[in-house]
Amino acid sequence: MSDDQIPADSKLTTSKRRWAAEGKFLTGRVSRPETERLPPGQHLVKNWPVLDLGVQPHVSLSSWRLDVFGFVEKRLSLDWAAFQAIEQSTRVSDIHCVTTWSRYDNRWEGISTRDLLDLAVPTAEAHHVLLTSYDGYTTNLPLADFAAEDAILATAWEGQPLTREHGGPMRLVVPHLYFWKSAKWLSRIELIGADRAGFWEKNGYHMYGDPWREQRYSDD
């Protein structure tokens, strides 16, 4: 039976099975031994420092929209109600900022990136993702990392709606990469073929950003 013949209610399950069989979205490690949990050069904090480009856009829920396009079978343009109608998920993960702080056990609520991709359905040409935020910020990462098991489009942190200073109403969280890859105030997700540098990548930061390999800057 071809994909076109599969009933609509089972297509998403089939795509997940296909991705798993291909090993397409199997990168990083969701959990690590305690001795490996803190990446080199990092120190633990209890608070959550605020870092941005100096602008914290105010995005009302009535005007908020997320566009998913590029190498996808179905382009998406979701308003807040449509986004909230997608199956909700919870994730608990550590975060690691390139400025050397880490914070353990953050509880996120929102939409799994895999569930979003199930709706858009990446084509065979899709290999990377370019993210654009409401403040004009951009960053890039491989599609496999965007679709990691613990990656989430977060709308809540520790049981409360995500605040504006931390990227509310919605931000990406990809725990196994440095946190500059987890774009705040996310508005556009473009699936692309060849990798394309974002804001910090054009300004000397590493194209990938693995904390355990200290890939902070382009020469690391």
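The name given to the protein in an unreviewed UniProt entry is Oxidoreductase molybdopterin binding domain-containing protein, with the source organism recorded as Rhizobium miluonense.

Draft legend 1. Looking closely at the pattern of salt bridges. In total, this model carries seven salt bridges according to the counting rule given. In this structure, the salt-bridge partner of glutamate 109 is arginine 107, at a minimum N-O distance of 2.6 Å. Judged by relative accessible area, glutamate 109 falls into the partly exposed class, the value being 26%. The network of salt bridges with common partners includes Arg37, Asp94 and Asp105.

Draft legend 2. The nonpolar core, seen in detail. Counting 37 residues, the largest nonpolar core has Phe83 and Ile189 as its most contacted members. Elements that contribute at least two residues to this core include exactly strand S2 (65–70), strand S3 (76–79), helix H2 (80–84), helix H3 (113–120), strand S6 (128–133), helix H4 (143–146) and strand S11 (186–192). Leaving out residues up to four positions away in the same chain, isoleucine 189 has contacts with Leu66, Asp67, Val68, Phe69, Leu116, Val129, Leu130, Leu131, Phe146 and Leu153. By size, the runner-up hydrophobic cluster in this structure holds 11 residues, among which are Val45, Cys97, Trp101 and Ala154.

Draft legend 3. Up close: H3. Most of H3 sits inside the fold, with six of its eight residues counted as buried. Inspection of H3 places Thr113, Asp115, Leu116, Leu117, Asp118 and Ala120 among the buried residues, and these make up the whole buried set. Of the residues flanking the start of H3, the one acting as N-cap is serine 112, its side-chain oxygen 3.1 Å from the backbone nitrogen of arginine 114. The positive-phi residue at the C-terminal boundary of H3 is valine 121, with phi of around 60°.

Draft legend 4. Seen up close, the side chain of aspartate 145. Note on placement: aspartate 145 falls in helix H4. Among the polar contacts listed, one links the side chain of aspartate 145 to the side chain of tyrosine 208, at a separation of 2.7 Å.

Draft legend 5. Looking closely at the sheet that holds S3. Read from one edge of the open sheet, five strands run S3-S2-S11-S6-S7, paired in mixed fashion. The sheet is open, and its two edges are formed by S3 and strand S7 (138–142), each paired on a single side. Each strand axis lies, on average, 15° off the axis of its neighbour in the sheet, ignoring direction. Here S2 runs beside S11; their pairing, made up of four bridges, is parallel. The residue bridging aspartate 67 from the neighbouring strand is arginine 188, located in S11. Sheet contacts for H3: S2, S3 and S11; angle to S3, the most-contacted strand, approximately 125°.

Draft legend 6. The arrangement of the pairing of S7 in detail. Within S7, five of the five residues are buried, which leaves the element mostly enclosed by the surrounding structure. Residues of S7 alternate between two faces, with Thr138, Asn140 and Pro142 on one and Thr139 and Leu141 on the opposite face, all of them buried. In terms of strand pairing, S6 meets S7 through five bridges, oriented antiparallel. For leucine 131, the partnering residue across the bridge sits in S7 and is threonine 139. In sequence, S6 turns back onto S7 through a hairpin of four residues, with glycine 136 there showing a positive phi of about 90°.

Draft legend 7. Region of the structure containing the pairing of S2. Note that S2 and S3 share four bridges and pair antiparallel. Counted as the bridge partner of arginine 65 is aspartate 79 from S3. The antiparallel pairing of S2 with S3 creates a hairpin that spans five residues between the two strands.

What counts, and where the lines are drawn
Residues numbered from 1 in each chain as written. Predicted model: local features only at pLDDT ≥ 70, side-chain atom pairs only at ≥ 80, totals over all residues. Heavy atoms only, no water. Salt bridge = Lys/Arg side-chain N within 4 Å of Asp/Glu carboxyl O. Buried < 20%, exposed > 50% of the residue type's maximum accessible area, 1.4 Å probe, protein only. Core = buried A, V, L, I, M, F, W, Y, C linked by side-chain atoms within 4.5 Å. Helix = DSSP H or I, 4+ residues; strand = E, 2+ residues; numbered from the N terminus. Contact = heavy atoms within 4.5 Å. Polar contact = N/O pair within 3.5 Å; in protein donor to acceptor, adjacent residues only side chain to side chain. Pairing = 2+ DSSP bridges. Axes fitted to C-alpha atoms, helices over the stretch in contact; angles between N-to-C directions.

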